[in-house]
Amino acid sequence: MLPRKLQFLHPWLHLTGLAMILAGMPFSVFLMSFGQFWLIGNWILEAKFDRLKLFASSPAALLLSGLFLIYLPGVFYSENLPEAMKMLRLNLPFLVLPLILSQQKPLSKFWYFALLRFFLLAVVLATITCMVIGLPAWLNGAYTDIRQISLFISHIRFALLISFSILIISWLLAYKPVQMTITEKVFWTLAAVFMLVF
């Protein structure tokens, strides 16, 4: 538990953990996992376990956590224990994130859209990196399959993130849930077009 004078750091540590997860989604599975453990560490340090009742009273959090628990019984009768443990590890976010997020105050509008933009920027940067490094390598014959230009994560997951990002940008531009300058609108429009072409 942090000293009382440092308690103000907990919201910032929480935001840092969320940012790590968002940055890790297009770039690094390790960073995404580290962000989850960061959130768990901050939750333990905060030591406000009385807020577990918020988790227990949230149907959405319980439903998402249930997706993890579905795999748990299979571990005990699985003939391939390493693969079973891998499935548990891959589905751990369904347990960790609802548990942590349901006990935190909802993000303010400012931080919600700041993190959303941060995620979009991470996907754009990952796309640019794959275009600059991966595409020439494929054209030069270093890669036999164009799907290999997805340098950081599975090409399927990367494609889903790009599609999701294009939809988010379209929503931001069409419905204007937050004010954006002309420069921002132009940037995100070009980013969406670039990812669509990619």
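Summary of the structure given here.

## Observations regarding the overall build of the protein chain
Working step 1: A tally of regular secondary structure across the protein chain gives 10 helices and zero strands.
Working step 2: Taken from N to C terminus, the helices and strands of the protein chain fall in the order α-α-α-α-α-α-α-α-α-α.
Working step 3: Based on the C-alpha atoms only, the size of the protein chain along its principal axes is roughly 55 × 50 × 30 Å.
Working step 4: Looking at the protein chain as a whole, 34% of its 198 residues qualify as buried.
Working step 5: Summed over its atoms, the accessible surface of the protein chain is roughly 12,400 Å², and 74% of this surface lies on carbon and sulfur atoms.
Working step 6: Between the centroid of the 14 positive side chains of the protein chain and the centroid of its 6 negative side chains there is a distance of 14 Å.

## Comments concerning the packing of helix α1 (residues 9-27) against helix α2 (residues 29-46)
Working step 1: Where α1 contacts α2, the two axes come as close as 6 Å, and the packing angle between them is 165 degrees. With respect to their mutual orientation, α1 and α2 come out roughly antiparallel. Where α1 crosses over α2, the two elements pack in a sense that is left-handed. In this structure, α1 contributes H10, L13, H14, T16, G17, L18, M20, I21, A23, G24, M25 and F27 to the contact, and α2 contributes V29, L31, M32, F34, G35, Q36, W38, L39, N42, L45 and E46.
Working step 2: Looking at the contact of α1 with α2, its residues break down into 14 nonpolar, eight polar and one charged.

## What about a nonpolar patch on the surface?
Working step 1: Together, L6, F8, L9, W12, L107, F110, W111, Y112, W171 and Y175 line one region of the surface with nonpolar side chains, adding up to about 1,100 Å² of accessible area.
Working step 2: Those elements giving two or more residues to the nonpolar patch turn out to be α1, α8 (109-139) and α9 (155-175).
Working step 3: The leading source of residues in the nonpolar patch is α8, at three residues.
Working step 4: Checked against the element boundaries, W12 lands in helix α1.

## What to know about the environment of G17
Working step 1: Tracing the backbone through its elements, the reader meets G17 in helix α1.
Working step 2: Classification of G17 by relative accessible area gives buried; the value is 0%.
Working step 3: Measuring from C-alpha to C-alpha, the distance between G17 and L31 comes to 9.7 Å, with 14 residues separating the pair along the chain.
Working step 4: What G17 contacts, discounting residues up to four positions off in sequence, is G35, W38 and L39.

## A closer look at the pattern of salt bridges
Working step 1: All chains considered together, the criterion is met by two salt bridges.
Working step 2: A salt bridge links R51 to E46, with the nearest nitrogen and oxygen atoms 3.2 Å apart.
Working step 3: Exposure remark for E46: the relative accessible area of 8% places this residue in the buried category.
Working step 4: Two residues, E184 and R117, come together in a salt bridge whose shortest N-O distance is 3.6 Å. Taken together, the residues E184 in helix α10 (residues 182-197) and R117 in helix α8 connect sequence positions 67 residues apart.
Working step 5: For R117, a relative accessible area of 22% gives the class partly exposed.

## Points about the packing of aromatic side chains
Working step 1: Using the criterion set out here, one finds 10 aromatic pairs in the structure.
Working step 2: Judged by centre distance (6.1 Å) and plane angle (55 degrees), the ring pair of F34 and W38 falls under tilted. Here F34 and its partner W38 are both found in helix α2, four residues apart, which amounts to about one turn of the helix.
Working step 3: Between F113 and W171, the ring centres sit 6.1 Å apart and the planes meet at 20 degrees, which makes this aromatic pair stacked. In this pair, F113 is assigned in helix α8 and W171 in helix α9, connecting sequence segments 58 residues apart.
Working step 4: Accessibility expressed as a relative area gives 33% for W171, which makes it partly exposed.
Working step 5: Connected via pairs of aromatic rings, a cluster forms that spans W12, F110 and W111.

## Details of the environment of H14
Working step 1: In this fold, H14 is placed in helix α1.
Working step 2: Setting aside chain neighbours within four positions, we find H14 in contact with L39, N42, I100, L101 and Q104.

Parameters and conventions
Residues numbered from 1 in each chain as written. Predicted model: local features only at pLDDT ≥ 70, side-chain atom pairs only at ≥ 80, totals over all residues. Heavy atoms only, no water. Helix = DSSP H or I, 4+ residues; strand = E, 2+ residues; numbered from the N terminus. Buried < 20%, exposed > 50% of the residue type's maximum accessible area, 1.4 Å probe, protein only. Areas by Shrake-Rupley, 256 points an atom, 1.4 Å probe, with all protein chains shown as cover. Lys, Arg positive; Asp, Glu negative; His and termini not counted. Charge placed at Lys NZ, Arg CZ, Asp CG, Glu CD. Axes fitted to C-alpha atoms, helices over the stretch in contact; angles between N-to-C directions. Parallel < 35°, antiparallel > 145°, perpendicular 65-115°, else oblique. Left-handed = near helix turned anticlockwise from the far one by under 90°. Contact = heavy atoms within 4.5 Å. Nonpolar A, V, L, I, M, F, W, Y, C, P; charged D, E, K, R; others polar. Patch = residues over 30% accessible without salt bridge, like charges linked within 9 Å, V, L, I, M, F, W, Y side chains within 5 Å. Salt bridge = Lys/Arg side-chain N within 4 Å of Asp/Glu carboxyl O. Phe/Tyr/Trp six-rings, centres within 6.5 Å; stacked < 30°, edge-to-face > 60°.

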